[in-house]
Amino acid sequence: MSTQLYLGIDMGGTNIKIAVVNHKGEIIEETSIKTEIKQSPMNVIQSVIKRASALKNYAKTKNTGIGVAGDINCDNGVVRFSPNLPKWKNVKLKEIMEKLTGKKVIVDNDANTAAIGAFWLDAKGKPDNLICVTLGTGVGGGLIFNKKLYRGASCTAGEIGHITIDYNGRKCKCGNSGCSETYIGAKYVSEYAKNYLNKHRSAIIDRMTGKNYSLITPEILHDAAVKGDNSAIEIWRYVGEKLGIILAGVLNFANPDMIILCGGISHAGKFLTGPAKKEIKERAFKSAVKACKIKISRYTSKLGVVGAAMLANQ
């Protein structure tokens, strides 16, 4: 019996990743194209199909899974809105792709596809209940319950970034105030760091940024922390505590076997997870903490495309 193959497409704001993946979540072949955000949706879709069909195993793929950031109607595969693709409003992606390729297509939110990718790549398909938290420009979540993706009644389950942790907190782009994203999202982390460093100078970060704090990124903060910079370590402690508060709530509510952290912010490693785990231990039920393994994904750049393909497998 030949191995079943699936096509995965991860539509990011910078690049669109395309891969042929087997039933175990292993990438057989991959490619990518630049995301042309100024092009019409139809032009982008045609470019994706052209590149995908050039893969030598494309004809052997059965179904196609696509992950897109934003508000997705996963039942009928419509991209209602995507922050990465400003021209995409109510695009019938599933219908268009199926008509042009003749393959069955499933479309979902990129945090959901990341969760499926984490389930297969990081967790090797073992845990019954896994939650994946995407820590990037935005903060998202994907929920795997009983080894299956849980989407909720309107496909918006897992929006961990928009759980309120301070009702008097910062205004979020979603319209709410005090969302966890406004404390642990990359843009907000950089903004917090800029304000913090205006009061607590750092010789190391001054050298790295030329004293221009608008250049601060999570990557710079991580590099400074690795070099032993106290200000950077303190900034990560603050971010880690906020992450810990939200994860403690997630643990008490969902009681998962595993939480996988992925995305750019997760690269801060122990500087982030140390304070987070301390906060979790203080706030979550002891039995829930004991039962759950928290780890940082080793496959952040592959989760979306593998998860999209395994979405097609589901």
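Structure: see above.
Just so you know, these numbers come straight off a predicted model, no measurement behind them.

A. Inspection of the overall build of the protein chain at higher detail. Within the protein chain, the regular secondary structure consists of 11 helices and 13 strands. In summary, the protein chain has a C-alpha radius of gyration of 20 Å against a globular reference of 20 Å for 314 residues, a match within 12%. In terms of principal-axis extent, the alpha carbons of the protein chain reach across some 60 × 45 × 35 Å. Counting every position in the protein chain, which comprises 314 residues, the buried fraction comes to 53%. Long-range pairs, those at least 24 residues apart, make up 60% of the contacts in the protein chain between residues at least 6 apart in sequence. With an accessible surface of roughly 14,800 Å², the protein chain has 51% of that area assigned to carbon and sulfur atoms. For the protein chain, the distance from the average site of its 45 positive side-chain charges to the average site of its 26 negative ones is 3 Å.

B. Structural context of the packing of helix α3 (residues 110–121) against helix α11 (residues 300–313). Between α3 and α11, the shortest axis-to-axis distance is 6 Å and the interhelical angle comes to 90°. Classified by the angle their axes make, α3 and α11 are roughly perpendicular. Note on element contacts: α11 touches α3 through Lys-302, Leu-303, Gly-304, Val-306, Gly-307, Ala-308, Met-310 and Leu-311, opposite Thr-113, Ala-114, Ile-116, Gly-117, Ala-118, Trp-120 and Leu-121. When the residues that make up the contact of α3 with α11 are grouped by side-chain class, the tally is 10 nonpolar, four polar and one charged.

C. Structural context of the environment of Ile-205. Within the secondary structure, Ile-205 sits in helix α6 (residues 203–209). With relative accessibility at 0%, the residue Ile-205 sits in the buried group. With 184 residues separating them along the chain, Ile-205 and Val-21 place their C-alpha atoms 42 Å apart. Apart from the residues lying within four places of it in its own chain, the contact partners of Ile-205 are Leu-197, Tyr-213, Ile-216, Leu-221, Ala-224, Asp-229 and Ala-232.

D. Representation of the sheet that holds strand β13 (residues 293–296). Strand order in the open sheet formed by five strands is β11-β10-β9-β12-β13, with mixed pairing between adjacent strands. Both edges of this open sheet fall to β11 (148–150) and β13, since each of them pairs with a single strand only. Strand-to-strand twist of the sheet, defined as the mean angle between neighbouring strand axes without regard to direction, takes the value 25°. Across six bridges, the pairing between strand β9 (residues 130–135) and strand β10 (residues 139–145) is antiparallel. By the bridge assignment, Leu-135 is partnered in β10 with Val-139. Sitting on the sheet, α3 touches β9, β10, β11 and β12 (258–262), and the angle it makes with β10 is about 55°.

E. Here's a closer look at the packing of helix α5 (residues 186–199) against helix α8 (residues 230–254). As a packed pair, α5 and α8 sit with axes 11 Å apart at the nearest point and diverge in direction by 135°. Classified by the angle their axes make, α5 and α8 are oblique. In the crossing of α5 with α8, the sense of the turn from one axis to the other is right-handed. Contacts between α5 and α8 pair Val-189, Tyr-192, Ala-193, Tyr-196 and Leu-197 from the former with Ser-231, Glu-234, Ile-235, Tyr-238 and Val-239 from the latter. Of the residues that constitute the contact of α5 with α8, the class distribution is eight nonpolar, one polar and one charged.

F. Broad picture of the state of the cysteines. Using the criterion set out here, one finds one disulfide in the structure. A sulfur-sulfur distance of 1.9 Å marks the disulfide that ties Cys-74 to Cys-155. On the S-S bond that ties Cys-74 to Cys-155, the torsion sits near -80°, and the link is left-handed. Of this pair, Cys-74 sits in the loop between β5 (71–73) and β6 (78–81) while Cys-155 sits in the loop between β11 and α4 (181–184), placing them 81 residues apart in sequence. The pair Cys-74 / Cys-155 is uniform in exposure class, with both members buried. Cysteine Cys-292 is unpaired, with the sulfur of Cys-132 as its nearest cysteine sulfur at 12 Å. Classification of Cys-292 as buried rests on a relative accessible area of 10%.

Quick notes on the rules
Residues numbered from 1 in each chain as written. Predicted model: local features only at pLDDT ≥ 70, side-chain atom pairs only at ≥ 80, totals over all residues. Heavy atoms only, no water. Helix = DSSP H or I, 4+ residues; strand = E, 2+ residues; numbered from the N terminus. Rg over C-alpha atoms; globule rule 2.2 N^0.38 Å. Buried < 20%, exposed > 50% of the residue type's maximum accessible area, 1.4 Å probe, protein only. Contact = heavy atoms within 4.5 Å. Areas by Shrake-Rupley, 256 points an atom, 1.4 Å probe, with all protein chains shown as cover. Lys, Arg positive; Asp, Glu negative; His and termini not counted. Charge placed at Lys NZ, Arg CZ, Asp CG, Glu CD. Axes fitted to C-alpha atoms, helices over the stretch in contact; angles between N-to-C directions. Parallel < 35°, antiparallel > 145°, perpendicular 65-115°, else oblique. Nonpolar A, V, L, I, M, F, W, Y, C, P; charged D, E, K, R; others polar. Pairing = 2+ DSSP bridges. Left-handed = near helix turned anticlockwise from the far one by under 90°. Disulfide = S-S within 2.5 Å.

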